[in-house]
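# Working through the structure, step by step
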Amino acid sequence: MEQEQAPRWWAVVAVMIGIFLLVTAEQLPIGLLSQVASSMDVTPGMAGLMVTVPGVVAAFSAPLLPVAVGRLDRRIMLTLLMVVMVVGSAFSALASSFVLLLAARVLVGLSIGGFWAVAGSIAPRLVPEEKVPKAMTMIFGGVAAASVLGVPLGTLLGDLSSWRVAFGALGGLSLLTAIALWRWLPPLPPREPVRLRVLAQQFSNRGVRVAVLTTAFVVVGHFAAYTFISPILQEISGISQRHVGSLLLLYGAAGIVGNIAAGMFAGRHPYRAVLAIPSLLLVFVAAFPLLGVQPSSGIMLLMAWGAVFGSVSVSIQTWILRTAPNTEAATALMAFTFNMSIGLGAMLGGRLVDGTSLSIAMWAASGLFLLGALLVWRTPSRIVGEKRR
């Protein structure tokens, strides 16, 4: 019945903006790390907990919140989660100590995980079936847009004023988004309540299992290297620190292009789209310490890296829609995996960078990409193709 209605593109836009703000909030501390560390009188390593804490909290809230809320209308759930984001951002801006700041980041993580778990599964309920790939591309375009606009602009705002203003601005925008979600989303009662037993059953499905494990390999590998992209560009490619912010804008722009291209391609060829991601990341990241030793080659590899990683969310979610017995439960597992992998990747990369070198960290990341590519390659393409019929 829901798909007989006219496409609800404004609802899709509201969900996209929600994803955009949440991903921005999760990754913004990377750009403001030094400023917060100095302001709160903590080490940069300690300040990195601003990324780790919401990542871990989001990982667990993704599968558990849909279980906890049961039959709560998803329109109400998404709106309330954006309100939680407002509170978390406001507390972050006003925190008088680092402990209170981390407590505020817990609220942000709670919002990220729950919102992502539901947002990825509602596109088929907002638009007709033939429009789902476009809606998916728009929703997960928010992830790439956070890199190209959210994090750089938030970092710039923090540099021009203070990190507190940047977090406060996120809270204000989140409030507007909560209002938009409430006004534009239709009632969305859950088609099947998510239970812990249902979550476990999703992982027994081979298609879902491959998607989850591939995501883990790709995201852990990516953040093991990308978390340290500023020193990588400076020390390996010889690029001045003052140009790093501008290059991250290019990286994010490439990610948006990759997201759009993947949205069109994955709708027809989800297997090949997912196989291409770890394969290409392996090539570009492994080659960086060897070929990216000049500013020009480093920039080219950075943009290629951004384009490929920008295609991850929409490609994997398309795979999930084709294979999962319960798309909301499977998306919750994916959100758990993605967010936990962000924290694990940053932690792994930090240990490797401190204990060895930037190059070793990038080659270790490439090893994880290789495992992801082999996993997909050994999976029959019919697992995805069968779901088209």
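Given the structure is predicted, the values throughout are model-derived calculations rather than measurements. (Residues numbered from 1 in each chain as written. Predicted model: local features only at pLDDT ≥ 70, side-chain atom pairs only at ≥ 80, totals over all residues. Heavy atoms only, no water.)

## Observations regarding the domain arrangement of the protein
Per the domain assignment, the segments of the protein are domain 1 (1-193) and domain 2 (195-388). Each of domain 1 and domain 2 has a C-alpha centre, and these two points are 20 Å apart. Counting residues at the interface gives 35 residues for domain 1, matched by 30 residues for domain 2. Both sides of the domain 1 and domain 2 interface together cover about 2,900 Å² of buried area, and 71% of this is carbon and sulfur. Summed over the shared surface of domain 1 and domain 2, the result is 0 residue pairs in polar contact (both at pLDDT 80 or more). (Domains from an automatic or database assignment. Contact = heavy atoms within 4.5 Å. Buried area = accessible area lost by both parts, 1.4 Å probe. Polar contact = N/O pair within 3.5 Å; in protein donor to acceptor, adjacent residues only side chain to side chain.)

## Some words on the nonpolar core
Counting 110 residues, the largest nonpolar core has F115, W116, L185 and W305 as the members making the most contacts within it. Sort the elements by how many residues they give to this core and helix 1 (residues 9-40) lands first, with 15 residues. Non-local contacts of L185, meaning those with residues more than four positions away in its chain, are made with A11, V15, R75, L78, I122, L126 and A180. (Core = buried A, V, L, I, M, F, W, Y, C linked by side-chain atoms within 4.5 Å. Buried < 20%, exposed > 50% of the residue type's maximum accessible area, 1.4 Å probe, protein only. Helix = DSSP H or I, 4+ residues; strand = E, 2+ residues; numbered from the N terminus.)

## Digging into the environment of F228
Among the secondary structure elements, F228 is positioned in the loop between helix 10 (206-226) and helix 11 (229-235). Counting along the chain gives 17 residues from F228 to A211, while the straight-line C-alpha distance between them is 26 Å. In this view, F228 contacts A346, G349, G350, V353 and L358; residues no more than four positions away in its chain are not counted.

## Quick word on the packing of aromatic side chains
Throughout the structure, instances matching the rule amount to 10 aromatic pairs. Each ring, one from W116 and one from F338, has its centre 4.9 Å from the other, and the planes form 40°; the classification is tilted. Here F338 lies in helix 16 (residues 327-355) and W116 lies in helix 5 (residues 98-119), a separation of 222 residues in the sequence. The pair W116 / F338 is uniform in exposure class, with both members buried. Between the aromatic rings of F223 and Y226, the centroid separation amounts to 6.5 Å while the plane-to-plane angle is 85°, which identifies the pairing as edge-to-face. On the criterion of helical spacing, the pair formed by F223 and Y226 is a turn pair, its members being 3 residues apart in helix 10. Residue class for F223 comes out buried when judged on its relative accessible area of 3%. Through a chain of ring-to-ring contacts, the aromatic side chains of F223, Y226, Y251, F288, W305 and F309 assemble into a single cluster. Directly above the ring of W182 sits R75, whose terminal nitrogen or CZ lies 3.8 Å from the centroid. (Phe/Tyr/Trp six-rings, centres within 6.5 Å; stacked < 30°, edge-to-face > 60°. Lys NZ or Arg CZ within 6 Å of the ring centre and 35° of its normal.)

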